[in-house]
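# Chain and residue survey
Here are the chains, one letter per residue:
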Amino acid sequence: MNYKRFITAASASRKTSPIRVLSECLASILSRAPKSVISLAAGSPNPNTFPFKTAVITVENGKTIQFDEETMKRALQYSQTAGIPELLSWLKQLQVKLHNPPTLHYPPSQGQMDICVTTGSQDGLCKVFEMLINPGDNILLNEPVYSGTLEALHPLGCNMINVSSDEYGMIPDALKEILSRWKPEDSRDPEKNTPKFLYTVPNGNNPAGTSLTSDRKKEIYELARKYDFLIIEDDPYYFLQFNKPWAPTFLSMDTDGRVIRVDSFSKVLSSGLRIGFVTGPKPLIERVVLHTQVSTLHPSTFTQLMVSQLLHQWGEEGFLAHVERVIDYYRKQKDALLAAADKWLRGLMETLEESRKS
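Below, the structure is looked at part by part. Nothing here was measured: the structure is a model prediction, and the numbers come from that model.

Rules of the game
- Residues numbered from 1 in each chain as written.
- Predicted model: local features only at pLDDT ≥ 70, side-chain atom pairs only at ≥ 80, totals over all residues.
- Heavy atoms only, no water.
- Helix = DSSP H or I, 4+ residues; strand = E, 2+ residues; numbered from the N terminus.
- Rg over C-alpha atoms; globule rule 2.2 N^0.38 Å.
- Buried < 20%, exposed > 50% of the residue type's maximum accessible area, 1.4 Å probe, protein only.
- Contact = heavy atoms within 4.5 Å.
- Lys, Arg positive; Asp, Glu negative; His and termini not counted.
- Charge placed at Lys NZ, Arg CZ, Asp CG, Glu CD.
- Core = buried A, V, L, I, M, F, W, Y, C linked by side-chain atoms within 4.5 Å.
- Phe/Tyr/Trp six-rings, centres within 6.5 Å; stacked < 30°, edge-to-face > 60°.
- Lys NZ or Arg CZ within 6 Å of the ring centre and 35° of its normal.
- Axes fitted to C-alpha atoms, helices over the stretch in contact; angles between N-to-C directions.
- Parallel < 35°, antiparallel > 145°, perpendicular 65-115°, else oblique.
- Left-handed = near helix turned anticlockwise from the far one by under 90°.
- Nonpolar A, V, L, I, M, F, W, Y, C, P; charged D, E, K, R; others polar.
- Salt bridge = Lys/Arg side-chain N within 4 Å of Asp/Glu carboxyl O.
- Pairing = 2+ DSSP bridges.
- Right-handed = clockwise from strand over helix to strand, strands pointing away.
- Arc of directions from axis to C-beta.

## Considerations on the overall build of the chain
The number of helices and strands found in the chain is eleven helices and eleven strands. On C-alpha atoms alone, the chain measures out to a radius of gyration of 22 Å, which is about the 21 Å that the 2.2 N^0.38 rule sets for 358 residues. Within the span of the chain, comprising 358 residues, buried residues form 47% of the whole. Counting only contacts in the chain whose residues sit at least 6 apart along the sequence, the fraction spanning at least 24 positions is 72%. Within the chain, one finds 40 positive and 40 negative side-chain charges whose respective centroids are separated by 4 Å.

So, in structure tokens, the structure goes:
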């Protein structure tokens, strides 16, 4: 993959922030140094001046997450831009368990899977968009599109090409028809302005509520390979799928390193904690991290530590058991809504479940 052709001039010009690198190196060194050592190098405030000293957070099973004074000092201090190491490690293992990305052991320059934590998935998405979009670029969107995505894209001046969908998500034949405006080899000629990426919410697409089938994902991925565009897989509802087994993801079939996957804990842990994570080819994830270095610096250390402690306490199986409880909760709400619609709106509307039965 030639990632350079996808990256904007602004993103390509980003350099590593010396102060961020220094801060992260010093944090590692100071964690092994005597407590009497005081660093004057990176401008970190002295945590002894912070008014918050300890915290105990009770989890639904009655167990607790405890921040003693030393942990609280860390939670309230600057941390690594890409995410704290223990959370990154846990998330990487989760992605391998759920998706088994083919690129896991690729060389870094050839699209090796990488991951970073972001301040919610929207933060990650916006940075991905700004990394890829020049004014006038063509991008592909499944129709209809989440309004929040449109508001993020409009200021960037791209040409949004809508691809028709039905109750099973984006229609591959409709995508083929749009792509027929170009030849596959046109992707090597910047003047042809072939689509740079396809953006999709594959599960529970907002606002239509549709989900892409496995067969359609495979067709779409092959078209991405043929016409050489990236796929942005925005999947905030992945953990809320009612049907088992869960559909294979674009990340799970990404043999080329052309998928950028955006995940969120907002729907299953908390929306206010603002913890999302972006998984994709290392050369592109590095660009997102460089952007974070000069914008938010890093996601909240406090919320990362809280989530990390919870996930390590649960383990992968405990987390997935919690996800099942959340699914059961929303399934009951869905069933109640459909029953009320059937009772009061029969003949006036058709539900997605009904259309799939017909």
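## Remarks on the nonpolar core
Of all hydrophobic cores here, the largest spans 34 residues; its most connected members are Phe67, Leu91, Phe239, Phe265, Leu311 and Phe319. Contributions of two or more residues to this core are made by strand S2 (64-67), helix H3 (69-75), helix H4 (85-99), strand S3 (113-118) and helix H10 (301-344). Among the elements that take part in this core, H10 stands out by supplying eleven residues, more than any other. Once residues within four sequence positions are removed from consideration, Phe265 is found in contact with Leu91, Ser270, Ile275, Phe277, Val307, Leu311 and Phe319.

## Examining the packing of aromatic side chains
Inspection of every chain in the model, using the stated rule, returns eleven aromatic pairs. Pairing Phe67 with Phe302 gives two aromatic rings, centres 5.1 Å apart and planes at 65°, and the pair type is edge-to-face. Of this pair, Phe67 sits in strand S2 while Phe302 sits in helix H10, and the two are 235 residues apart along the sequence. With relative accessibility at 2%, the residue Phe67 sits in the buried group. An angle of 90° between the planes, with centres 5.9 Å apart, marks the rings of Trp90 and Phe319 as edge-to-face. Here the residue Trp90 occupies a position in helix H4, and Phe319 occupies one in helix H10, the gap between them amounting to 229 residues. Each member of the pair, Trp90 together with Phe319, is buried. It is Arg5 that lies over the ring of Phe6; its NZ or CZ is 4.2 Å from the centre.

## Here's the deal with the packing of helix H7 (residues 172-179) against helix H8 (residues 214-227)
The N-to-C vectors of H7 and H8 enclose an angle of 15°; their axes lie 10 Å apart at closest approach. If you check the angle between H7 and H8, you find them roughly parallel. H7 and H8 meet at a crossing whose hand is right-handed. Facing H7, whose interface residues are Pro172, Leu175, Lys176 and Leu179, H8 presents Arg216, Glu219, Ile220, Leu223 and Tyr227. Each residue belonging to the contact of H7 with H8 can be placed in one class, and the counts come to six nonpolar, no polar and three charged.

## Some points on the pattern of salt bridges
Inspection of every chain in the model, using the stated rule, returns 22 salt bridges. Two residues, Glu60 and Arg325, come together in a salt bridge whose shortest N-O distance is 3.0 Å. Linking Glu60 in the loop between strand S1 (55-58) and S2 with Arg325 in helix H10, this pair joins segments that are 265 residues apart in sequence. Residue classification places Glu60 among the exposed positions, given a relative accessible area of 54%.

## Things to note about the pairing of strand S8 (residues 197-200)
Burial of S8 is two-sided: the residues Phe197 and Tyr199 facing one way and the residues Leu198 and Thr200 facing the other way are all buried. Note that strand S4 (residues 138-142) and S8 share two bridges and pair parallel. Among the inter-strand pairings, Leu140 is bridged to a residue of S8, identified as Leu198. Relative to strand S9 (residues 230-234), S8 runs parallel, the two being bridged by four bridges. Along S9, the bridge assignment pairs Thr200 with Glu233. Remark: the S8/H8/S9 crossover connection has right-handed handedness.

## Some remarks on H7
Taken residue by residue, H7 has Pro172, Ala174, Leu175, Ile178 and Leu179 as its buried positions. Down the axis of H7, the buried side of the element spans an arc of 160°, and every buried residue falls inside it. Exposed side chains of H7 directed beyond 90 degrees from the buried face belong to Asp173 and Glu177. The inward-facing, buried residues of H7 contact S4, strand S5 (159-163), strand S7 (169-170), S8 and H8.

## With respect to the pairing of S4
Across the five residues that make up S4, a large majority, five, are buried. Of the two faces of S4, the one lined by Asn138, Leu140 and Asn142 and the one lined by Ile139 and Leu141 are each fully buried. Summarising the sheet, S4 and S5 pair through five bridges and their orientation is parallel. In the strand pairing of S5, Leu140 is matched with Ile161. Remark: the S4/helix H6 (residues 147-153)/S5 crossover connection has right-handed handedness.

## A short note on the sheet that holds S4
The pairing of strands in a sheet happens through backbone hydrogen bonds and is either parallel or antiparallel. What the seven strands build is an open sheet, ordered S3-S11-S10-S9-S8-S4-S5; its pairing is mixed. With one partner strand each, in any of the chains shown, S3 and S5 form the two edges of the open sheet. With direction set aside, neighbouring strand axes in the sheet form an average angle of 20°.

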